[in-house]
Amino acid sequence: IENDPNRAPPCDENVCQLPDCFCSEDGTTIPGGLPAKDVPMMITITFDDAINNNNIDLYKEIFNGKRKNPNGCDIKATYFVSHKYTNYSAVQETHRKGHEIAVHSITHNDEERFWSNATVDDWAKEMAGMRIIIEKYANITDNSVVGVRAPYLRVGGNNQFTMMEEQAFLYDSTITAPLSNPPLWPYTMYFRMPHRCHGNLQSCPTRSHAVWEMVMNELDRREDPTNDEYLPGCAMVDSCSNILTGDQFYNFLNHNFDRHYDQNRAPLGLYFHAAWLKNNPEFLDAFLYWIDEVLSNHNDVYFVTMTQVIQWIQNPRTTNEVKNFEPWREKCVVEGQPACWVPHSCKLTSKEVPGETINLQTCVRCPNNYPWVNDPTGDGFF
């Protein structure tokens, strides 16, 4: 950033005011100047990649309609969905239940450098294209697909954020902040980031962008944070490689919860790939036990979506007021039937994915071709 003559200026709180702009010198300031004890503790659970038969049951088990926030509404999560192998009727049902659907690219290109160096147009095809596919095949019409997370958490520098402004995305959740106490609150990108660009050869934005950053605070994975020597943190829970048992995971969750709750109540992000919980029943048991325990012991802890966090930051409400906070009461408890019991199972090909026939499940009618980067609607027009 120091070499960019057009770099974003440091945070100026006189200019940067809610609801449109939020920044602070070191990123730890509570929005609206509320005292920490009055701030509802927000926890964001996110899952990355395709939603399909491998993980639908897991999501149903976690979000079973019995786990409620203190305002009486079902707990909610955010899903960063990539395209290949996604069952769009399941995405439609997840959205109907009040969870947030965000984009995680069409191709999930395995070449990490691709994302670091992609052009604005590459980013638009991958992310805005993914939004077109989701809106069409999961029949999401309420303009709620507003979040982006890059594959492998590879930040795309100014190109990614320029694309997000041009395509009217609200927030990114790709940038990792190094483990810090207190942890960081989300911020807008009008001013420079309040932390260093963290990660191996990451390309962070240097200029000013009209986008929120739902920064990924690293989690502390030490067994005994008071005595253990320093260990680097981890952003995705499943990359915290020293968690080997359910008990360790339970202690890890409690310790990181306390770190946020007892300091500045910055939202606690728990970021997963479904397979990690699915392949380790012990971890899943510990996770569900912990969620239930937190909900029963606290009347100020809410499991909310990324967008709901931003809605709170834009309009901070105390713990007492937040029970009636409208944006958190949307789709409070969802009853009723799924959009379709038996989705269309479309066996499709695309010139862009030669030699493969891919199954696309959707409640709307089948397209001519498997949707892909240059043909997100699947109409076959390039």
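Since the model is a prediction, treat every value here as computed from it, not as a measurement. (Residues numbered from 1 in each chain as written. Predicted model: local features only at pLDDT ≥ 70, side-chain atom pairs only at ≥ 80, totals over all residues. Heavy atoms only, no water.)

1. What about the overall build of the chain?
Helices and strands together make up the secondary structure of the chain, namely 10 helices and 13 strands. For a compact globule of 382 residues, the expected C-alpha radius of gyration is about 21 Å, and the chain comes in at 20 Å, within 12% of that figure. Its C-alpha atoms put the chain at 55 × 55 × 40 Å along the principal axes. A buried classification covers 55% of the 382 residues belonging to the chain. Intrachain contacts of the chain at a sequence separation of at least 6 include 69% that bridge at least 24 residues. For the chain, the accessible surface area stands at approximately 16200 Å², while carbon and sulfur atoms represent 47% of it. Taken together, the 31 basic and 50 acidic charged side chains of the chain have centroids lying 5 Å from each other. (Helix = DSSP H or I, 4+ residues; strand = E, 2+ residues; numbered from the N terminus. Rg over C-alpha atoms; globule rule 2.2 N^0.38 Å. Buried < 20%, exposed > 50% of the residue type's maximum accessible area, 1.4 Å probe, protein only. Contact = heavy atoms within 4.5 Å. Areas by Shrake-Rupley, 256 points an atom, 1.4 Å probe, with all protein chains shown as cover. Lys, Arg positive; Asp, Glu negative; His and termini not counted. Charge placed at Lys NZ, Arg CZ, Asp CG, Glu CD.)

2. Focus: the UniProt feature "domain: NodB homology" (unreviewed entry) in the chain
As annotated in UniProt, the feature "domain: NodB homology" (unreviewed entry) corresponds to residues 42-154 in the numbering used here. Helix makes up 35% of residues 42-154 and strand makes up 16%, while its end C-alpha atoms are separated by 25 Å. (UniProt positions renumbered as here; feature names shortened; annotations may be inferred.)

3. Re the environment of Leu-268
Summarising the element assignment, Leu-268 is placed in strand S10 (residues 268-273). For Leu-268 and Trp-185, which are 83 residues apart along the polypeptide, the C-alpha to C-alpha distance reads 9.4 Å. Not counting residues up to four positions away in its chain, the partners in contact with Leu-268 are Met-41, Met-42, Ile-43, Thr-44, Leu-219, Asn-256, Phe-257, His-260 and Trp-290.

4. Notes on unusual backbone geometry
Of note, the amide linkage connecting Leu-18 to Pro-19 takes the cis form, showing an omega dihedral of 10°. The residue Pro-19 is located in the segment before strand S1 (41-48) in this model. The amide bond that connects Asn-181 to the next residue, Pro-182, takes the cis arrangement and shows omega of -5°. In this model, Asn-139 sits at a positive phi of 55°, which is unusual for a non-glycine residue. Here Asn-139 is to be found in the loop between helix H4 (120-137) and strand S4 (147-148).

5. A look at the pattern of salt bridges
Scanning the model with the defined rule gives 15 salt bridges in all. A salt bridge links Asp-4 to Arg-207, with the nearest nitrogen and oxygen atoms 2.9 Å apart. Linking Asp-4 in the segment before S1 with Arg-207 in the loop between strand S7 (187-188) and strand S8 (212-213), this pair joins segments that are 203 residues apart in sequence. What makes Arg-207 partly exposed here is its relative accessible area of 35%. Residue Arg-96 is joined to Glu-93 by a salt bridge in which the shortest nitrogen-to-oxygen separation is 2.8 Å. Placement of the pair is Arg-96 and Glu-93 together in helix H2 (residues 88-96), with a separation of three residues, close to one helical turn. (Salt bridge = Lys/Arg side-chain N within 4 Å of Asp/Glu carboxyl O.)

6. Re the pairing of strand S13 (residues 358-362)
Where burial is concerned, the two faces of S13 differ: the one with Ile-358, Leu-360 and Thr-362 is buried and the one with Asn-359 and Gln-361 is not. Bridging between strand S12 (residues 344-348) and S13 involves five bridges; their strand directions are antiparallel. What sits directly across from Lys-347, in S13, is Asn-359. (Pairing = 2+ DSSP bridges.)

7. Focus: the state of the cysteines
Here, the word disulfide means a covalent bond between the sulfur atoms of two cysteines. For the coordinates displayed, the defined rule picks out seven disulfides. In this model Cys-340 forms its disulfide with Cys-363; the gap between the sulfur atoms is 1.9 Å. An S-S torsion of about -75° defines the bridge between Cys-340 and Cys-363 as left-handed. Taken as a pair, Cys-340 in the loop between helix H10 (319-322) and S12 and Cys-363 in the segment after S13 lie far apart in primary sequence, 23 residues in all. One disulfide bridge connects Cys-346 with Cys-366, the sulfur atoms lying 2.1 Å from each other. The disulfide joining Cys-346 to Cys-366 has a torsion of about -85° about its S-S bond and is therefore left-handed. Here the residue Cys-346 occupies a position in strand S12, and Cys-366 occupies one in the segment after S13, the gap between them amounting to 20 residues. (Disulfide = S-S within 2.5 Å.)

8. Quick word on the nonpolar core
The biggest cluster of nonpolar side chains holds 84 residues, and the ones touching the most others in it are Ile-134, Phe-249, Leu-277, Phe-287 and Trp-290. Among the elements that line this core, the one with the most residues is helix H8 (residues 281-297), at nine residues. Once you skip the residues sitting within four places of it in the chain, Trp-290 turns out to touch Ile-43, Tyr-250, Leu-253, Asn-254, Phe-257, Leu-268, Leu-270 and Phe-303. Within the second largest apolar cluster, 28 residues are counted, among which are Phe-22, Trp-212, Ile-310 and Phe-325. (Core = buried A, V, L, I, M, F, W, Y, C linked by side-chain atoms within 4.5 Å.)

9. Re the pairing of S1
Among the eight residues in S1, eight count as buried, and that is most of the element. The side-chain alternation of S1 yields two buried faces, one formed by Met-41, Ile-43, Ile-45 and Phe-47 and the other by Met-42, Thr-44, Thr-46 and Asp-48. Note: S1 against strand S11 (residues 301-303), three bridges, orientation parallel. What sits directly across from Met-42, in S11, is Tyr-302. In this sheet, S10 lies alongside S1 in parallel orientation, the contact comprising six bridges. Residue Ile-43 lies in a different strand from S10, and its bridge partner there is Leu-268. Bridge count for S1 against strand S2 (residues 77-81) is four bridges, and the pairing is parallel. In the strand pairing of S2, Thr-46 is matched with Thr-78. Between the parallel pair S1 and S2, the chain is carried across by helix H1 (residues 56-62), and the sense of this crossover is right-handed. (Right-handed = clockwise from strand over helix to strand, strands pointing away.)

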